[in-house]
Amino acid sequence: MSTSKRAAVVLAAGDGKRLKSKLPKVLHRVAGRPLVGHVLAALAPLDLDQTVVVISRTVDELRTSDGSLGLSAEATYAIQDPPRGTGDAVRVALEYLGDTTTVLVVPGDAPLVTTETFRSLFELHESSGAAVTLLTSEIDDPTGYGRVVRSEGSTVERIVEHGDATEDELRVREINAAVYVFDREALARMLPRLDDSNAQGEFYVTDVIGLMREEGLGVVAHKTDAVETSGVNDRAQLSDVGRALRERACARWMSEGVTVIDPATTYIDPTVVIEPDATILPLTFLEGSTVIRAGAEVGPQARVIDSEIGPGASVTFSVVRGSTIGRSASVGPYASLRPGTVLAEDAHLGTFVETKKATLGRRSKAPHLSYLGDAEIGDDVNIGAGTITCNWDGTEKHRTVIEDDAYISSDTMLVAPVRVGKGAATGAGSVVRDDVPDGALAVGVPARVIPGKGNRKKKKLPPG
Ligand code: UD1
Ligand code: CA
């Protein structure tokens, strides 16, 4: 057991010039979160005593105007203005650190470092008593990264940035991941000694390593695999880390019993939950708070956002947002379900159907070409091709209610507010402005109501 108090400092104030973007680098989204959100998510299970995120003015403004940046509410935010390098950023962070003794420093643009690696780094550091423990990896193309310079005896002597390296140093393939655990006191002593006489004219935290060695302090390096240490400096790397995060998410769900036909074209946000024996077909996007129940089949080509897909249900070539799909219900191909759509067991929405705030009861279906908005539809209702709920009168939205066993013929316009009663029916092309009583048939334009001639297909007709 260690008695150290652990803190993390996340460096997220750089503007990321190489991305050529108005949006600060750490807020660029990959795999469902901004870059820095992935870092914070990997830190969360460590239960650290404190987390300080160093951000720029721009990030701070965006963060306060929009709470959905994936930035954790528990962290302390320290503003670095102007950003003068990673060493300067750590200096700013230290002003906010409480009485912690051990400080993990991690860049906000390294979303692939895992919780396990952070944990091992802390443990290695605490057991070795070194002044710093840093994460490195061997990579084929180290261009752009800081190189780890070791002595003959293979002790880490210092880090040299790409722009400041000699030709010999550029040949070194061991790179600095920019993830370090520092003894807080030693770190604080070195920071005032940094200078900016280097290629970028910045204060580099990497120079702390060399300074510590000069004082004879212990420096320990922990090597991990190359993928994990990938940083993001340009858009190509942004897409590379996105792919790696995607592969990881698919691998995780496959290990939990989910069939993923093609991980290369399957995009699963870290916030999604999938039950065993669900099948995810290619070209599918599962986003936000989506839950996929056992035996459901999603895809090919589906985008499901903040929705629940019930046991054994299927969604194919469709977009589903903020909706709940019941057991064994089916959606698509080519349906667009907008927020508030609820399908009960065995319901079906088919080709070119759009819904919004619409509930369909058990076994009800709208197989083709419909718009159903602000609609409450009972059980066993058939919605014919081309049916539209005219829910918007130019000023307000109105509701359409269609009761159990009703039969809506093709091309019916339901001018809301309107109610179609139990077992009632509408004629093809009818424009229904008035309520249709139970068991009645509404025909014509505008529709006339004829009592007692409702859905003849249903055995028990209520009195019309
Ligand atoms: C840094 C390391 C390099 C390492 C690489 C790994 C330094 C000097 N270099 O280089 O050795 O191989 O990461 O990916 O540290 N930031 C601030 N304030 C600043 C500048 C940067 O908060 O003033 C933040 C950035 O937002 C970013 C992180 O620090 O998240 C790293 O900055 P970046 O410019 O990407 O450093 P690299 O050149 O990649
Ligand atoms: Ca970087």
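These numbers were taken from a predicted model, which means no experiment stands behind them.

Undergrad: Got a minute to help me understand the site of ligand 1 in this structure?
TA: As a structural note, the neighbourhood of ligand 1 is formed by 24 residues, with Gln80, Gly85, Thr86, Glu161 and Asn176 the closest of them. In the model, an oxygen atom of ligand 1 is placed 3.3 Å from a nitrogen or oxygen of the glycine 108 main chain. A distance of 3.1 Å separates an oxygen atom of ligand 1 from a polar atom in the side chain of aspartate 109. Computed on the free molecule, ligand 1 has an accessible area of 760 Å², of which 93% lies beneath the protein chains in the complex. For the shell around ligand 1, the secondary structure elements donating two or more residues are strand E1 (6-12), helix H3 (86-94) and strand E10 (174-183). Ranked by residue count, the leading element in the shell around ligand 1 is E10, at 3 residues. When its residues are assigned to classes, the shell around ligand 1 shows 10 nonpolar, 9 polar and 5 charged.

Undergrad: Honestly, the coordination of the calcium ion (ligand 2) in this entry has me stumped. Any pointers?
TA: Here the calcium ion (ligand 2) is held by Asp109 (OD) and Asn233 (OD1), and the distances to it run 2.3 to 2.5 Å. Taken together, the residues aspartate 109 in the loop between strand E6 (102-107) and helix H4 (115-128) and asparagine 233 in the loop between strand E11 (219-223) and helix H8 (235-255) connect sequence positions 124 residues apart.

Undergrad: Would you take a moment to explain the environment of isoleucine 292 for this structure?
TA: Mapped onto the elements, isoleucine 292 comes out in strand E17 (residues 291-292). Isoleucine 292 sits 83 residues away from isoleucine 209 along the chain, and the two C-alpha atoms are 48 Å apart. Sequence-distant contacts of isoleucine 292, defined by excluding residues within four places in its chain, comprise Val273, Ile274, Glu275, Ala278, Ile280, Leu286, Val298 and Ile309.

Undergrad: Looking at this model, I keep getting lost on the packing of aromatic side chains. Mind explaining?
TA: Two aromatic rings are characterised by how far apart their centres lie and by the angle between their planes. All chains considered together, the criterion is met by 4 aromatic pairs. With 5.6 Å between their ring centres and 10° between their planes, tyrosine 334 and phenylalanine 352 make a pair best called stacked. Pair noted here: tyrosine 334 is in the loop between strand E24 (330-331) and strand E25 (335-337) and phenylalanine 352 is in strand E27 (residues 348-360), with a separation of 18 residues, a long-range link. By relative accessible area, which is 43% here, tyrosine 334 ends up partly exposed. Cluster of aromatic residues (ring-pair linked, three or more members): Phe317, Tyr334 and Phe352. We note arginine 252 situated over the ring of tryptophan 253; from NZ or CZ to the ring centre the distance is 4.1 Å.

Undergrad: Would you mind going over unusual backbone geometry with me for this structure?
TA: Of the consecutive residues aspartate 81 and proline 82, the connecting peptide bond is found in the cis state with omega at 0°. Look at the link from glycine 299 to proline 300: it is a cis peptide, with omega at -5°. Along the chain, proline 300 falls in the loop between strand E18 (297-298) and strand E19 (303-305). Positive phi, normally seen in glycine, also occurs at aspartate 277, with a value near 70°. Residue placement: aspartate 277 occurs in the loop between strand E14 (273-274) and strand E15 (279-280). A residue is classified by how much of its surface remains accessible, and aspartate 277, at 59% relative accessible area, is exposed. Backbone geometry at aspartate 374 places phi at a positive 50°, although glycine is not the residue there. With respect to the element layout, aspartate 374 can be found in strand E28 (residues 365-377).

Undergrad: What is the right way to look at the domain arrangement of the chain in this model?
TA: Interface size is often expressed as the accessible area that is lost when the parts come together. Domain boundaries assigned for the chain yield domain 1 (6-229) and domain 2 (257-450). Here domain 1 and domain 2 have C-alpha centroids that lie 49 Å from each other.

Undergrad: Looking at this model, I keep getting lost on the pattern of salt bridges. Mind explaining?
TA: Opposite charge on two side chains lets them pair, provided their charged atoms get close. Evaluated as defined, the whole model comprises 29 salt bridges. Where arginine 213 meets glutamate 157, a salt bridge forms, and the shortest distance between an N and an O atom there is 3.6 Å. In this pair, arginine 213 is assigned in helix H7 (residues 207-214) and glutamate 157 in strand E9 (residues 156-160), connecting sequence segments 56 residues apart. Note on arginine 213: relative accessible area 22%, which makes it partly exposed. You can call glutamate 157 partly exposed: its relative accessible area is 26%. Arginine 189 is paired through a salt bridge with glutamate 215; the nearest N and O atoms lie 3.0 Å apart.

Undergrad: What am I meant to see in the pairing of E1 here?
TA: Side-chain direction in a regular strand flips from residue to residue, so the side chains alternate between the two faces of the sheet. Judged by how many residues are buried, E1 sits mostly within the fold: 7 of 7 residues are covered. Of the two faces of E1, both are covered, the one formed by Arg6, Ala8, Val10 and Ala12 as well as the one formed by Ala7, Val9 and Leu11. Of the pairings in the sheet, the one linking E1 to E6 comprises 6 bridges and is parallel in character. When the sheet's bridge partners are listed, valine 9 is paired in E6 with valine 105. Where E1 lies against strand E4 (residues 50-55), 6 bridges are found, and the strand directions are parallel. When the sheet's bridge partners are listed, alanine 7 is paired in E4 with glutamine 50.

Undergrad: Looking at this model, I keep getting lost on the side chain of threonine 224. Mind explaining?
TA: Among the secondary structure elements, threonine 224 is positioned in the loop between E11 and H8. On the accessibility criterion, threonine 224 (18% relative accessible area) is buried. A polar side-chain atom of threonine 224 sits 2.6 Å from a polar atom in the side chain of glutamate 228. Setting aside chain neighbours within four positions, we find threonine 224 in contact with Thr117, Leu135, Thr136, Ser137 and Thr229.

Undergrad: What is the right way to look at the environment of valine 298 in this model?
TA: Summarising the element assignment, valine 298 is placed in strand E18. C-alpha separation for the pair valine 298 and serine 314, spaced 16 residues apart in sequence, amounts to 5.7 Å. Not counting chain neighbours up to four residues away, the residues in contact with valine 298 comprise Thr279, Ile280, Leu281, Thr284, Leu286, Ile292, Val304, Ile309 and Val315.

Undergrad: Would you mind showing me how to read the nonpolar core here?
TA: Side chains of nonpolar character tend, in soluble globular proteins, to be buried together. Ile274, Leu286, Ile292, Val298, Ile309, Ile325 and Ile402 are the most contacted members of the largest nonpolar core, which totals 49 residues. Of all the elements in the fold, those that place two or more residues in this core are H8, E25, E27, E28 and strand E34 (418-420). Setting aside residues no more than four positions away along its own chain, leucine 286 makes contact with Tyr267, Ile268, Asp269, Val272, Ile274, Ile280, Ile292, Val298 and Val304. The next biggest cluster of nonpolar side chains, apart from the first, holds 35 residues, and it includes Ala89, Leu97, Leu134 and Ile159.

Rules of the game
- Residues numbered from 1 in each chain as written.
- Chains lettered and ligands numbered in written order.
- Predicted model: local features only at pLDDT ≥ 70, side-chain atom pairs only at ≥ 80, totals over all residues.
- Heavy atoms only, no water.
- Near = heavy atom within 4 Å.
- Polar contact = N/O pair within 3.5 Å; in protein donor to acceptor, adjacent residues only side chain to side chain.
- Areas by Shrake-Rupley, 256 points an atom, 1.4 Å probe, with all protein chains shown as cover.
- Helix = DSSP H or I, 4+ residues; strand = E, 2+ residues; numbered from the N terminus.
- Nonpolar A, V, L, I, M, F, W, Y, C, P; charged D, E, K, R; others polar.
- Donors = N, O, S within 2.8 Å, 3.2 Å for Na, K, Ca; no water.
- Contact = heavy atoms within 4.5 Å.
- Phe/Tyr/Trp six-rings, centres within 6.5 Å; stacked < 30°, edge-to-face > 60°.
- Buried < 20%, exposed > 50% of the residue type's maximum accessible area, 1.4 Å probe, protein only.
- Lys NZ or Arg CZ within 6 Å of the ring centre and 35° of its normal.
- Domains from an automatic or database assignment.
- Salt bridge = Lys/Arg side-chain N within 4 Å of Asp/Glu carboxyl O.
- Pairing = 2+ DSSP bridges.
- Core = buried A, V, L, I, M, F, W, Y, C linked by side-chain atoms within 4.5 Å.

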